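Structure assessment
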Amino acid sequence: MVQQKLLTAVMVVALVATGMTASVGAVTAPSAETTTSISESTTVTVTNVVDGDTIDIEYQNGSTDTVRLLGVDTPETYGSVSPGEFEGVPDTQAGRECLQAAGEDASAYATNQLAGQTVTLQFDSQADRRGDYGRLLAYVQVDGSNFNYDLVERGHARVYDSTFSQSDSFYSAESEAQSAERNAWSCRSPNDDGSGEDESSGGDASALTIDWVNAEASSLNDERVKITNTGSSSVDLDGFTLADEAGYSHTFAEFTLGAGDSVYVHTGSGTNDADDHYMGYGTEIWNDDGDTATVQTAAGTIVDQLAY
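Below, the structure is looked at part by part. Only a predicted model underlies this, so the values are computations on that prediction, with no experimental measurement involved.

What follows concerns the overall build of the chain. Looking only at helices and strands, the chain has five helices and 18 strands in total. Counting across all 308 residues of the chain, residues that qualify as buried make up 40%. Expressed as a percentage of contacts within the chain between residues at least 6 apart in sequence, the contacts between residues at least 24 apart total 56%. With the model as given, the accessible surface of the chain reaches about 16,200 Å², and the carbon-plus-sulfur share is 46%.

Structural data, given as structure tokens:
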């Protein structure tokens, strides 16, 4: 018994001598400010899409903020565009008008993909947390994908010359988009003849209009989309695509739509002809409660969109 008491006393003395404590609650939790500063991501709701690279968001606690998408820059829509910022785009009236339209396309695409969505903001340790005007700088993750990268890959944005960890992959995606002349990069070869026609598409692609989507159909081929050429000349649709929000699509091949003519794109299967084309799906794809139909050129430029 004496030996046990002596051993206990020695242990107590050792603990005191080394500054240790038996209190379990001695460790202090980090403050809220510290936790926020080291946070790598946060979930928010997109309340407004300002343009292709800027969004307004609301945190889960109800506070709001503005986010500038990190590492990307879409053409301006509210001010003057700057062809010099987009390599290879001529500083001409045609080049500026093309970039203006590309900026509007980027805004429409961002609105379609982000407005009202719950997304995850991810911050880059190699970049500043906030940029000009106090806006957050972040990647926007939606449905598991990096939307910033998506903008570059689709040619809606150039890579913004700044420091961020994913710059190499972004520049690689930009190079591919440039080579394919997708969206903004199609402005490297704008139409300068004053005719208003996009020579690369074989006609005035802007004259294409999605008239309606028949989603509440009785059969697969009754579910269809009507597209009309409202222009005064034929449009070569070779390589053009019609797609819904989920990515179901139909690509036109060796098909020209005459001036004033319409084509009906059916969900099911059939033989394509001058008036009817078939997507070849075995199930309905157009949502009865709302969807968005998009027609794009082979280069990825959005020609028309219809949300219903």
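From this point, the discussion proceeds with the structure in view.
Next up on the list: the pairing of strand S15 (residues 262–266). The element S15 is largely enclosed, with a buried count of four among its five residues. The pairing of strand S10 (residues 224–229) with S15 spans five bridges and is antiparallel. Pairing of Thr228 across the sheet is with Ser262, part of S15. Alignment of S15 against strand S16 (residues 276–278), held across three bridges, turns out to be parallel. Looking at S16, one finds that His266 is bridged to Tyr278.

So, about the sheet that holds strand S17 (residues 292–296). Ordered by their spatial adjacency, four strands build an open sheet running S13-S12-S17-S18, and the pairing between neighbours is antiparallel. On the outer flanks of this sheet lie strand S13 (249–251) and strand S18 (302–307), each paired with one strand and no other. Direction aside, the axes of adjacent strands within the sheet are offset by 10° on average. Of the pairings in the sheet, the one linking S17 to S18 comprises five bridges and is antiparallel in character. In the strand pairing of S18, Gln296 is matched with Ile302.

So, about the pattern of salt bridges. Inspection of every chain in the model, using the stated rule, returns eight salt bridges. A salt bridge links Arg158 to Glu85; the shortest N-O distance between them is 3.8 Å. In this pair, Arg158 is assigned in strand S8 (residues 158–159) and Glu85 in the loop between strand S4 (72–73) and helix H3 (93–114), connecting sequence segments 73 residues apart. Accessibility expressed as a relative area gives 12% for Arg158, which makes it buried. On the basis of relative accessible area, Glu85 is assigned to the partly exposed category, the value being 40%.

It is worth spelling out the pairing of strand S6 (residues 136–142) at this point. When you tally the buried positions in S6, you get seven out of seven residues, the bulk of the element. On S6, burial covers both faces: Leu136, Ala138, Val140 and Val142 on one face and Leu137, Tyr139 and Gln141 on the other are all buried. When strand S3 (residues 64–69) meets S6, the two strands line up parallel, connected through three bridges. Looking at the pairing, Arg68 lines up with Leu137 of S6.

Read across the open sheet, the four strands follow the order S9-S10-S15-S16; overall the sheet is mixed. Among the strands making up the open sheet, the edge pair consists of strand S9 (208–214) and S16. Pairwise comparison of adjacent strand axes, ignoring direction, gives a mean angle of 20° for this sheet.

Moving on, we come to the packing of aromatic side chains. Throughout the structure, instances matching the rule amount to eight aromatic pairs. A centroid spacing of 5.6 Å and a plane angle of 55° characterise the contact between Phe86 and Trp185, whose relative ring orientation is tilted. One end of the pair, Phe86, is in the loop between S4 and H3; the other, Trp185, is in the loop between helix H5 (167–180) and S9, with 99 residues separating them in the sequence. In this structure, Phe86 and Trp185 share a single accessibility class: buried. With centroids separated by 5.9 Å and ring planes inclined at 45°, the aromatic side chains of Trp212 and Tyr264 adopt a geometry described as tilted. With Trp212 in strand S9 and Tyr264 in strand S15, this residue pair connects regions lying 52 residues apart in the sequence. An aromatic cluster is defined as three or more aromatic residues linked by ring pairs; in this entry it consists of Tyr139, Tyr149, Phe164 and Phe170. The ring of Tyr160 has Arg68 sitting right over it, with the charged end atom 5.7 Å from the ring centre.

Rules behind the numbers
- All residue numbers refer to position in the chain's written sequence, counted from 1.
- Under the rules for a predicted model, residues below a pLDDT of 70 receive no local features and side-chain atom pairs below 80 are neither given nor counted, while totals for whole chains, interfaces and linings still include all residues.
- To get the side-chain values, take all heavy atoms of the structure and skip hydrogens and water.
- Numbering of helices and strands starts at the N terminus; helices are DSSP runs of H or I of at least 4 residues and strands are runs of E of at least 2.
- Burial classification: accessible surface area is computed with a 1.4 Å probe over protein chains only, and a residue below 20% of its type maximum counts as buried, one above 50% as exposed, and the rest as partly exposed.
- Note on contacts: a residue pair is in contact if any heavy atoms of the two residues lie within 4.5 Å.
- The accessible surface values rely on the Shrake-Rupley method and a 1.4 Å probe; as for residues, cover is taken only from the protein chains in view.
- Two strands pair if DSSP finds at least two bridges between them.
- To get an axis, a line is fitted to the C-alpha atoms, and for a helix only the part in contact is used. The angle between two axes follows their N-to-C directions and goes from 0 to 180 degrees.
- Just to be clear on terms, a salt bridge is a Lys or Arg side-chain nitrogen sitting within 4 Å of an Asp or Glu carboxyl oxygen.
- Each pair of aromatic rings taken from Phe, Tyr and Trp, with Trp reduced to its six-membered ring, is defined by centres within 6.5 Å and is described as stacked if the planes are under 30 degrees apart, edge-to-face if over 60, and tilted in the remaining cases.
- Whether a charge lies above a ring is judged from NZ of Lys or CZ of Arg, which has to be within 6 Å of the ring centre and within 35 degrees of the ring normal.

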